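Architecture at a glance
So you can see what is in the structure, the chains are spelled out below.
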Amino acid sequence: MGLILVHMNASMPTPIFGTSSNGQFSCATDTQHALRDLRTKRKGQPVFVLGHVLARKGKEGTFEVFNDRLAIVKFSDGGVIGYDPQELLLPTDIDDKGTAYFEIRPCRLCEQLFPLTAEECEAAEEPSRCPECRRA
Ligand SMILES: [Zn+2]
């Protein structure tokens, strides 16, 4: 099992999570932030939904399959909706029980939401800009 990390953030309950050691599902990295960025999109991949259906916005779900060009996401209540893969953010970390943790932040420049990587979460100072703006 990976290193156990404790994330301190006064505004949120303190999740305890480990580094993803099973390698089964993907977490946010410097180069991949949304489902769109994954070369291999596995069924069951946890995602954070930014998309168009207001009632589901900001909810967590799991990627099921592609249907035409939409990524089908299933929610814990049984709801199923298709999204553009770029609307589906990857988790910051997944613990050894498979629980995904999402640390989602708005970019100070472009106001897009983006997930922190596990390393960014641990850093003394969180990035205030999304990866695209940081690269620009
Ligand atoms: Zn940005």
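See above for the structure.
Presented here is an overview of the structure given in this document.

Spatial ordering of the open sheet is given by β6-β5-β4-β3-β7, a layout of five strands whose pairing is antiparallel. Of all the strands in the sheet, just β6 (80–83) and β7 (88–89) have a single pairing partner and so form its edges.

In terms of nonpolar packing, the biggest core is built from 21 residues, with Leu35, Val47, Leu88 and Leu89 touching the most fellow members. Setting aside its immediate chain neighbours within four residues, Leu35 contacts Lys41, Gln45, Val47, Phe63, Ala71, Pro85, Leu88 and Leu90.

Further remarks concern the pairing of strand β3 (residues 46–49). Across three bridges, the pairing between β3 and strand β4 (residues 60–67) is antiparallel. Paired with Val47 across the bridge in β4 is Gly61. Alignment of β3 against β7, held across two bridges, turns out to be antiparallel. Residue Val49 lies in a different strand from β7, and its bridge partner there is Leu88.

Moving on, we come to the environment of Thr29. Along the chain, the position of Thr29 falls in the loop between β2 (16–18) and β3. In this structure the C-alpha to C-alpha distance between Thr29 and Leu116, which are 87 residues apart in sequence, comes to 8.1 Å.

Turning next to the pairing of strand β5 (residues 70–74). Only one face of β5 is covered, namely the one carrying Ala71 and Val73; the face carrying Leu70, Ile72 and Lys74 has none of its residues buried. Sheet analysis places β4 next to β5, joined by four bridges and oriented antiparallel. Considered in β5, the bridge of Phe63 is made with Val73. From the end of β4 to the start of β5, which pair antiparallel, there are two residues, and Asp68 there has a positive phi angle of about 55°. Judged from the four bridges that link them, β5 and β6 form a sheet pairing that is antiparallel. Each residue of the ladder has a partner; that of Ile72, found in β6, is Gly82. Hairpin remark: β5 followed by β6, antiparallel, with five residues in the connecting loop; positive phi at Gly78, about 95°.

Thresholds applied
Residues numbered from 1 in each chain as written. Predicted model: local features only at pLDDT ≥ 70, side-chain atom pairs only at ≥ 80, totals over all residues. Pairing = 2+ DSSP bridges. Helix = DSSP H or I, 4+ residues; strand = E, 2+ residues; numbered from the N terminus. Core = buried A, V, L, I, M, F, W, Y, C linked by C-beta atoms within 7 Å. Buried ≥ 20, exposed ≤ 12 C-beta atoms within 10 Å, placed from the backbone. Contact = placed C-beta atoms within 7 Å.

Any functional reading would require information beyond the geometric quantities listed.
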